[in-house]
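# Structural characterization, general
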Amino acid sequence: MSTQENISENTPHILVLGMGGTIAGVVKSPEINPMQYQAGQIEVASLLAQIESAAPAGIKLVSQQLANIDSRNLTETLITALGQAVREALANTMVQGVVITHGTDTMEEAGIFLQITCGKYAQSLGKRVILTGAMLPANAPNADGPSNLLDAIRWASTPLDNCPGGIYAVMDGRACMAMDLSKRHTSALNALNQASPSSSVGLINPSWLSGVKAVQDLWTEDWPIPKEGEWPWVEILTSHAGARPETITHWLNSKVKGLVLAGTGMGSFHDAWRDSLVAAVKHGIALVRTSRTGAGETKPDLPEKDIAGCLASGGLSGPRARIALQLALNAEKHTQVADKSLTWQDFFARIAVLPVIR
Ligand code: SIN
């Protein structure tokens with residue numbers, strides 16, 4: 001629906017897709033405890049109505065409510081719906097850019113998913129898709145949602161010479177590639193920027209921009225969006241002091257298709273896991289290694305030689321590596337119909353080699 005009056009039919013649209021989150025959250029007693037609230041209460045059209053007078057001229061704001069949830073409850077069905085809605089919007093010649101209001105708790109997953117399934121498409125069309133959210137509910141004093149939403153809308157409608165089309169996120173005045181996004185604080189307003197290479201939205205930093213272009217040059221092809229019910233089952237397991245082989249053997253006779261190992265340090269795991277991980281590979285379970293530290297890269301054969309068949313995940317955190325592995329397994333299944341030569345490892349390696357923006 002449109003939230004603005006007196007705009008011609010040919011005015012370019014910014015489509016705002018509502019997924020819910022704290023940006024659409026309501027607190028009962030804002031003055032007493034703004035953190036005791038319910039996410040996903042206000043419709044995206046109402047969020048737009050609050051900021052439309054400050055929105056840039058020459059665009060028409062259009063909204064679509066896809067969900068209104070607390071994003072801790074994000075489902076694969078909803079992720080599929082989000083990907084389809086984004087692709088549909090990108091294909092619409094009236095749509096200049098897309099903004100997604102989303103809960104911050106799993107924005108990390110939505111960000112990597114959209115990069116892998118829609119990143120090349122958005123870039124080739126010269127359109128920006130921008131995730132945003134808030135750390136404070138809509139009726140809290142100094143709520144950050146309105147300024148984040150306005151920043152995202154302004155940036156989605158800014159001429160391209162300052163930054164190419166693609167999948168981005170905007171929070172607390174900073175922009176990053178959505179695939180770099182990670183929430184690294186429980187409550188700070190800049191919780192999503194603390195470990196994500198980013199630039200000020202107002203003044204794009206040239207070294208960040210050249211990093212974005214380096215990633216986009218290597219990302220040559222989007223992968224299929226899994227259909228509802230097609231998402232492979234992948235779990236994240238954390239290595240820690242006192243780890244037991246049973247944490248791995250538990251899965252050997254299950255329907256799990258992949259395990260992401262959130263390892264210690266550079267992505268190492270407890271020796272107690274080694275034999276059961278070798279057995280998991282023999283059972284056809286896909287394995288990738290990442291680090292539980294929250295920042296930095298996981299490289300092949302560090303600190304020790306990898307188990308055959310287990311891939312390092314580059315700059316991907318556990319939640320991002322999990323989505324990437326699910327999409328790689330799904331892509332393998334799809335190419336096996338047409339071309340038997342590509343494996344999930346071939347696909348996953350394309351993500352793991354993407355340069356990390358500094
Ligand atoms: C959510 O992720 O939906 C709740 C938390 C937030 O948006 O910050």
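Summary of the structure given here. Just so we're clear, the structure is a prediction, and the values are computed from it rather than from any experiment. (Residues numbered from 1 in each chain as written. Predicted model: local features only at pLDDT ≥ 70, side-chain atom pairs only at ≥ 80, totals over all residues. Heavy atoms only, no water.)

## Re the site of the ligand
Just so we agree on the cut-off: Nearness is defined per residue: one heavy atom within 4 Å of the molecule or strand is enough. Between N or O atoms, a polar contact is any pair within 3.5 Å; within protein, one atom must be a potential hydrogen donor and the other a potential acceptor, and residues adjacent in sequence are included only when both atoms are from side chains. Following the grouping adopted for this structure description, the nonpolar residues are Ala, Val, Leu, Ile, Met, Phe, Trp, Tyr, Cys and Pro, the charged ones are Asp, Glu, Lys and Arg, and the polar ones are all others, Gly among them.
Surrounding the ligand, one finds G21, T22, Y37, D70, S71, G103, T104, D105, A134 and K183. A distance of 3.0 Å is found between an oxygen atom of the ligand and a backbone nitrogen or oxygen belonging to D105. A134 places a main-chain nitrogen or oxygen 3.2 Å from an oxygen atom of the ligand. Tallied by class, residues from the shell around the ligand come to 2 nonpolar, 5 polar and 3 charged.

## Some points on helix α2 (residues 76-91)
The criterion, for reference: Secondary structure elements follow DSSP: runs of H or I of four or more residues count as helices, runs of E of two or more count as strands, with numbering from the N terminus. By this rule the span expected of a helix is its residue count minus one, scaled by 1.5 Å. With a 1.4 Å probe rolled over the protein chains alone, any residue whose accessible area is under 20% of its type maximum counts as buried; one over 50% counts as exposed, and the rest are partly exposed.
With 16 residues, α2 extends 23 Å between its outermost C-alpha atoms, agreeing within 8% with the 22 Å of an ideal straight helix rising 1.5 Å per residue. All of the buried residues in α2 are L78, I79, T80, L82, G83, A85, V86, A89 and L90.

## A word on helix α5 (residues 206-218)
We count it as follows: Here, the arc refers to the directions that run from the helix axis to the C-beta atoms. Throughout, a residue-residue contact means that at least one pair of heavy atoms, one from each residue, lies within 4.5 Å.
The end-to-end C-alpha distance of α5, which contains 13 residues, comes to 19 Å, matching closely the 18 Å that a straight helix rising 1.5 Å per residue would cover. Within α5 the residues assigned to the buried category are W208, L209, G211, V212, V215 and Q216. Projection of α5 onto a plane perpendicular to its axis shows the buried side chains occupying an angular sector of 155 degrees, all on one side. The exposed residues of α5 that point more than 90 degrees off its buried face are P206 and D217. In the core, the buried residues of α5 are packed alongside α3 (107-125), α4 (145-156), β7 (166-171), β8 (174-177) and β9 (199-200). The backbone nitrogen of S207 has a side-chain oxygen 2.9 Å away, supplied by the residue at the start of α5, namely N205.

## Side note on the sheet that holds strand β12 (residues 286-291)
Selection criterion: Should DSSP find at least two bridges between two strands, the strands are regarded as paired. Between N-to-C directions, angles span 0 to 180 degrees; the directions come from axes that are lines fitted to C-alpha atoms, helices contributing only their stretch in contact.
Read from one edge to the other, the open sheet built from 4 strands follows the order β10-β11-β12-β13, with strand pairing classed as parallel. Each edge of the open sheet is held by one strand with a lone partner, namely β10 (234-238) and β13 (310-312). In this sheet, adjacent strand axes meet at a mean angle of 25 degrees when their direction is disregarded. Note that β12 and β13 share 3 bridges and pair parallel. By the bridge assignment, L287 is partnered in β13 with C310. On top of the sheet, helix α9 (residues 344-352) reaches β12 and β13; it is set at about 15 degrees to β13, its chief contact.

## Here we look at the packing of aromatic side chains
For the record, the criterion: Pairing of aromatic rings covers Phe, Tyr and Trp, the last counted by its six-membered ring, and requires centre-to-centre distances within 6.5 Å; plane angles under 30 degrees mean stacked, over 60 mean edge-to-face, and any other angle means tilted.
For the structure on display, the rule yields 9 aromatic pairs. Ring geometry for F113 and W231: centres 5.8 Å apart, planes at 40 degrees, overall tilted. On the criterion of sequence distance, the pair formed by F113 in helix α3 and W231 in the loop between α5 and β10 is long-range, its members being 118 residues apart. Each member of the pair, F113 as well as W231, is classed as buried.

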